[in-house]
Amino acid sequence: AVAAKAPVKKNPKVANVSVQLEMKALWDEFNQLGTEMIVTKAGRRMFPTFQVKIFGMDPMADYMLLMDFVPVDDKRYRQEPPGLRLRVPSPPGRYAFHSSSWLVAGKADPATPGRVHYHPDSPAKGAQWMKQIVSFDKLKLTNNLLDDNGHIILNSMHRYQPRFHVVYVDPRKDSEKYAEENFKTFVFEETRFTAVTAYQNHRITQLKIASNPFAKGFRDCDPEDWPRNHRPGALPLMSAFARSRNPVSSPAHQNGTEKDAAESRREYEREAAGGTALHAEAAHQQLMSRVLSPAL
């Protein structure tokens, strides 16, 4: 018998950190329908945007905030064309999106290159991270296996779980020894989603249009077809999103808010929207390799 590995005791700098998911009610609403996120060759931002409020950091210590995405299972999914199920029975073990539910369509495709997205303000003092809501609105999802822009690479028609990591930047020269002690991972199951190149569930499309501040031009459908809580005059979640959208940033970054908003609008209106790719600075890359545990 193999002895179970004892859990790693976390550094006090991260042990007391807690995280609150923002816009939880909206995430729950998407989760009930089966959240879908668009992936494109050029890279597409997530909506809802992953945003958190952080507590319990050492105000004077440096931290890096990172996200990665892990498969929920080893399955691949597909949409079943209307009527096909009546004419051609699905092979045993194969499933599809049918009657507002996802069904399995076979074994997962080979794993995509594992990537980590770090918040562009990393590293920063705990006081800065805790000062306001932290938004990962720069993060983009792609299905391009050869992507060289640093976007998160995912397989379409596969399910993923976002993970949020808080990493204490240990100033000790031998900090590599303590890498596993210096990070803490948070998983919110309501944020899991299926990666798609086009929305499969029309109710997801309606909810995205109704709740995304950058989708005003798409609200030309019958308001009665919208989800009940997102009809005109009843958009508290949308206004809350607009209020909390700004990421934690230094003064040098704050002037880019309007530019980011314009880019988000263009991306929503055009699947293959371009944009300036975020390239990691060499110093950040070296820092990441020094403080991150192999477990990430």
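The rules behind the values
Residues numbered from 1 in each chain as written. Predicted model: local features only at pLDDT ≥ 70, side-chain atom pairs only at ≥ 80, totals over all residues. Heavy atoms only, no water. UniProt positions renumbered as here; feature names shortened; annotations may be inferred. Helix = DSSP H or I, 4+ residues; strand = E, 2+ residues; numbered from the N terminus. Buried < 20%, exposed > 50% of the residue type's maximum accessible area, 1.4 Å probe, protein only. Contact = heavy atoms within 4.5 Å. Areas by Shrake-Rupley, 256 points an atom, 1.4 Å probe, with all protein chains shown as cover. Pairing = 2+ DSSP bridges. Polar contact = N/O pair within 3.5 Å; in protein donor to acceptor, adjacent residues only side chain to side chain. Core = buried A, V, L, I, M, F, W, Y, C linked by side-chain atoms within 4.5 Å. Axes fitted to C-alpha atoms, helices over the stretch in contact; angles between N-to-C directions. Parallel < 35°, antiparallel > 145°, perpendicular 65-115°, else oblique. Left-handed = near helix turned anticlockwise from the far one by under 90°. Nonpolar A, V, L, I, M, F, W, Y, C, P; charged D, E, K, R; others polar.

If you check an unreviewed UniProt entry, the protein chain appears there as TBX1 factor from Herpetotheres cachinnans. In the Subcellular location (unreviewed entry) part of its UniProt record, the protein chain is described as follows: "Nucleus".

*Asks:* Please explain the overall build of the protein chain as it appears in this structure.
*Replies:* Tallying secondary structure elements over the protein chain gives nine helices and 15 strands in all. For the protein chain, the proportion of its 296 residues judged to be buried stands at 46%. Sequence separation of at least 24 residues holds for 78% of the intrachain contacts in the protein chain that already meet a minimum separation of 6. With the model as given, the accessible surface of the protein chain reaches about 15200 Å², and the carbon-plus-sulfur share is 54%.

*Asks:* Just to check I follow, could you spell out the sheet that holds strand β1 (residues 18–21) for this structure?
*Replies:* The strands that make up a sheet pair up through hydrogen bonds in the backbone, lying either parallel or antiparallel. Here we have three strands laid out as an open sheet, ordered β1-β4-β10, and antiparallel in their pairing. Only two strands of the sheet have a single neighbouring strand rather than two, namely β1 and β10 (134–135). Across two bridges, the pairing between strand β4 (residues 51–55) and β10 is antiparallel. Paired with Q51 across the bridge in β10 is S135.

*Asks:* What should I look at first to understand unusual backbone geometry in this one?
*Replies:* Leaving glycine out, the prevailing phi sign among residues is negative, and the prevailing peptide bond configuration is trans. P48 follows F47 through a cis peptide bond whose omega is 0°. Examined against the element boundaries, P48 turns out to sit in the loop between β3 (44–45) and β4. Phi at M23 is positive, roughly 55°, even though this residue is not glycine. Following the sequence through the fold, M23 ends up in the loop between β1 and α2 (24–33). We classify M23 as buried; its relative accessible area is 10%. You will see that M157, though not glycine, has its phi angle at about 65°, which is positive. Counting through the fold element by element, M157 comes out in the loop between β12 (152–153) and β13 (159–168).

*Asks:* What should I look at first to understand the side chain of H151 in this one?
*Replies:* Topologically, H151 is positioned in the loop between β11 (140–142) and β12. Beyond its immediate sequence surroundings of up to four residues, H151 is in contact with A42, G43, R115, K140 and T142.

*Asks:* I would appreciate a short explanation of helix α5 (residues 202–211) in the present structure.
*Replies:* For the α-helix, the turn length of 3.6 residues means that residues three or four positions removed from each other point alike. Along α5, the positions that sit buried rather than exposed are I204, L207, K208, I209, A210 and S211. Where α5 begins, one side-chain oxygen reaches toward the backbone nitrogen of R203, 2.9 Å away; that side chain belongs to N201.

*Asks:* Explain the nonpolar core to me, please; I cannot follow it from the model alone.
*Replies:* Generally speaking, nonpolar side chains in soluble globular proteins are found buried as a group. Core analysis: the biggest nonpolar cluster contains 40 residues, and I54, L65, F69, L141, L154, F164 and F193 have the highest contact counts within it. When residues of this core are traced back to their parent elements, those giving at least two are β1, α2, β4, β5 (62–71), β13, β15 (193–196) and α5. Sequence-distant contacts of F193, that is, excluding residues within four places in its chain, are made with T35, E36, M37, M46, F69, L141, L154, H158, R159, Y160 and P162.

*Asks:* Can you walk me through the packing of α2 against α5 in this structure?
*Replies:* A pair of packed helices can be characterised by two numbers: the angle between their axes and the separation between those axes. Contact geometry for α2 and α5: axes closest at 10 Å, N-to-C directions at 165°. Our classification of the angle between α2 and α5 gives roughly antiparallel. Judged by the sense of rotation from one axis to the other, the crossing of α2 with α5 is left-handed. Here α2 contributes L26, E29, F30 and L33 to the contact with α5, which in turn contributes R203, I204, L207, K208 and S211. Along the lines of polarity and charge, the residues of the contact of α2 with α5 split into five nonpolar, one polar and three charged.

*Asks:* Where do I start with the sheet that holds β12 in this structure?
*Replies:* Spatially, β3-β11-β12 is the arrangement adopted by the three strands of the open sheet, whose pairing is mixed. Looking at strand neighbours, the two that pair on one side only are β3 and β12, the edges of this open sheet. Summarising the sheet, β3 and β11 pair through two bridges and their orientation is antiparallel. Paired with R44 across the bridge in β11 is L141.

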